[in-house]
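These are the residues of each chain, in order.
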Amino acid sequence: MKDIKVIAFDADDTLWDCQSHFEAVEREYCQILSPYGDKDYVSSELFKTETANMPELGYGSKAFTLSLVENAVRVSGGHISAEELLRVQMLGRSLLNIPATPLAGVRTTLETIRSKGKWKMVLFTKGEILDQENKLLRSGLWDLFDRVEVVSDKTPRQYRELCVTFGIGISELLMVGNSFKSDIEPVLRLGGHAVHIPFEFTWAHEVTDEFDHEHLRRIDRFEQLLEVLGVGQV
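Everything numeric in this text was worked out from a predicted model, so none of it was measured. For every chain, the first residue of its written sequence is number 1, and the numbers climb from 1 along that sequence. Reporting in this predicted model follows two pLDDT cut-offs: at least 70 for local features of residues, and 80 or more for side-chain atom pairs to be given and counted; totals over whole chains, interfaces and linings ignore these cut-offs and use all residues. Side-chain measures here rest on the full set of heavy atoms in the structure, leaving out hydrogens and waters.

## Some remarks on the side chain of Ser61
And then number 1: Only DSSP runs of H or I reaching four residues or more are called helices, and only runs of E reaching two or more are called strands; each is numbered from the N terminus. Considering the arrangement of structural elements, one finds Ser61 in helix H3 (residues 61-75).
And then number 2: The classification of residues rests on relative accessible area computed with a 1.4 Å probe and restricted to protein chains. Under 20% of the type maximum is buried, over 50% is exposed, and intermediate values are partly exposed. Of the residues examined, Ser61 reaches a relative accessible area of 1% and is grouped as buried.
And then number 3: Here a residue-residue contact requires only that any non-hydrogen atoms of the pair lie within 4.5 Å. Beyond its immediate stretch of four places on either side in the chain, Ser61 contacts Phe22, Leu95, Leu96 and Asp131.

Set out below in structure tokens:
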């Protein structure tokens, strides 16, 4: 870790809980659509709709809400009522106001890293920019980062561009996140470093095969990042 100059942090399900709110919405959504199919059917059809819409709608609460509405019309064969559709829309909209309360150890760990003055710290997340910025504001963590980057997706190109922004090589980047698919694998493939902090819930679109790597560290608690960086024992 001695060559690391920039630490990039994922947001959702790394700094605060997000996925559990989406899963709660999906459970209620399946109840609304129960006259048209059981939970497994409605959920599987929603997954197909989300996947098909991603190239145009991307990620985030607003994209998810559009998929909820589209899928409701399709699954119901067009029989869903306007009142039920409004309930679906309001369910999706509720995700724009999740608390974004920092997970255990997040604030103190970020503050400790910041106080060392050794690394640039960037929030690097994918999704819809206004939604992500509002969550960061609600979290109270904004001032702990040197830069906030919200991208449409975390592709190798986006990671390379992040390095260009800071004038570093990929080997000088450390990515910290919960998603092996989005946060960990692309960075390792490029030659960077990564710390994986799994969350208790995993979005189906983020499920992937994992592997070991000499540039990868796995931790169970966010504050263990201090030990990885050599700035404290946890």
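Read on for the rest.
## Some details on the pairing of strand E3 (residues 147-151)
And then number 1: A pair of strands is treated as paired once DSSP finds two or more bridges between them. The sheet contact formed by strand E2 (residues 120-126) and E3 spans 5 bridges and is parallel. By the bridge assignment, Thr125 is partnered in E3 with Val150.
And then number 2: When the strands point away from the viewer and the path from the first strand over the helix to the second turns clockwise, the crossover is right-handed. Handedness of the crossover joining E2 and E3 through helix H6 (residues 129-139): right-handed.

## A closer look at the pairing of E2
And then number 1: By the criterion of burial, E2 is predominantly enclosed, with 6 of the 7 residues buried.
And then number 2: Both strand E1 (residues 6-9) and E2 contribute to a ladder of 4 bridges, which runs parallel. Residue pairing across strands places Phe9 opposite Leu123, the latter belonging to E2.

## Looking at unusual backbone geometry
And then number 1: The phi dihedral of Asp13 falls on the positive side, at around 70 degrees, and the residue is not glycine.
And then number 2: Position of Asp13 among the secondary structure elements: in the loop between E1 and helix H1 (19-32).
And then number 3: Judged by its relative accessible area of 8%, Asp13 is buried.
And then number 4: Backbone geometry at Ala100 places phi at a positive 55 degrees, although glycine is not the residue there.
And then number 5: Residue placement: Ala100 occurs in the loop between helix H4 (82-94) and helix H5 (106-116).

## Remarks on the packing of H1 against helix H2 (residues 39-57)
And then number 1: Where H1 meets H2, the axes come as close as 9 Å, and the angle between the chain directions of the two elements is 120 degrees. In this view, H1 runs oblique relative to H2, as classed from their interaxial angle. Handedness of the H1/H2 crossing: right-handed. Of the residues in H2, those in contact with Glu26, Arg27, Tyr29 and Cys30 of H1 are Lys39, Val42, Ser43 and Leu46.
And then number 2: Residues were grouped as follows: Ala, Val, Leu, Ile, Met, Phe, Trp, Tyr, Cys and Pro as nonpolar; Asp, Glu, Lys and Arg as charged; and all remaining residues, including Gly, as polar. Partitioned by chemical class, the residues of the contact of H1 with H2 number 4 nonpolar, 1 polar and 3 charged. To get an axis, a line is fitted to the C-alpha atoms, and for a helix only the part in contact is used. The angle between two axes follows their N-to-C directions and goes from 0 to 180 degrees. Under this scheme an angle from 65 to 115 degrees is roughly perpendicular, one under 35 degrees roughly parallel, and one over 145 degrees roughly antiparallel; angles in between are oblique. Handedness of each helix crossing follows the sense of rotation of the near helix against the far helix: counterclockwise by less than a right angle gives left-handed, clockwise gives right-handed.

## So, the nonpolar core
And then number 1: Nonpolar core, defined: a set of buried Ala, Val, Leu, Ile, Met, Phe, Trp, Tyr and Cys residues in which side-chain atoms within 4.5 Å join the residues together. Ranked by internal contacts, the top residues of the largest apolar core, which has 27 residues, are Phe9, Leu110 and Leu225.
And then number 2: At the level of secondary structure, the elements contributing two or more residues to this core comprise E1, H5, E2, strand E4 (173-177) and helix H9 (225-229).
And then number 3: At 4 residues, the largest contribution of residues to this core is made by H9.
And then number 4: When sequence neighbours within four positions are dropped, the list of residues in contact with Leu110 reads Phe9, Leu15, Met121, Leu141, Leu144, Phe145 and Phe222.

## So, the side chain of Gln158
And then number 1: On the secondary structure map, Gln158 appears in helix H7 (residues 156-166).
And then number 2: Take Gln158: its relative accessible area is 12%, and that puts it in the buried class.
And then number 3: When neighbours within four sequence positions are excluded, Gln158 is seen to be in contact with Phe124, Val151, Ser152 and Asp153.

## Remarks on the pattern of salt bridges
And then number 1: Salt-bridge detection follows one rule: a side-chain nitrogen of Lys or Arg within 4 Å of a carboxyl oxygen of Asp or Glu. Tallied over the entire structure, the rule returns 16 salt bridges.
And then number 2: Across the salt bridge formed by Lys154 and Asp183, the nearest N and O atoms sit 2.5 Å from each other. Within this pair, whereas Lys154 is found in the loop between E3 and H7, its partner Asp183 is found in helix H8 (residues 180-190), the two being separated by 29 residues in sequence. The pair formed by Lys154 and Asp183 is uniform in burial state, with each residue classed as buried.
And then number 3: One salt bridge connects Glu185 with Arg189, and the closest N-O pair in it is separated by 3.1 Å. Here Arg189 and Glu185 lie together in helix H8, a separation of 4 residues that amounts to about one turn.
And then number 4: On the basis of relative accessibility, which here comes to 19%, the residue Glu185 falls in the buried class.
And then number 5: Counted as one network, the salt bridges with shared partners bring together Asp10, Lys154 and Asp183.

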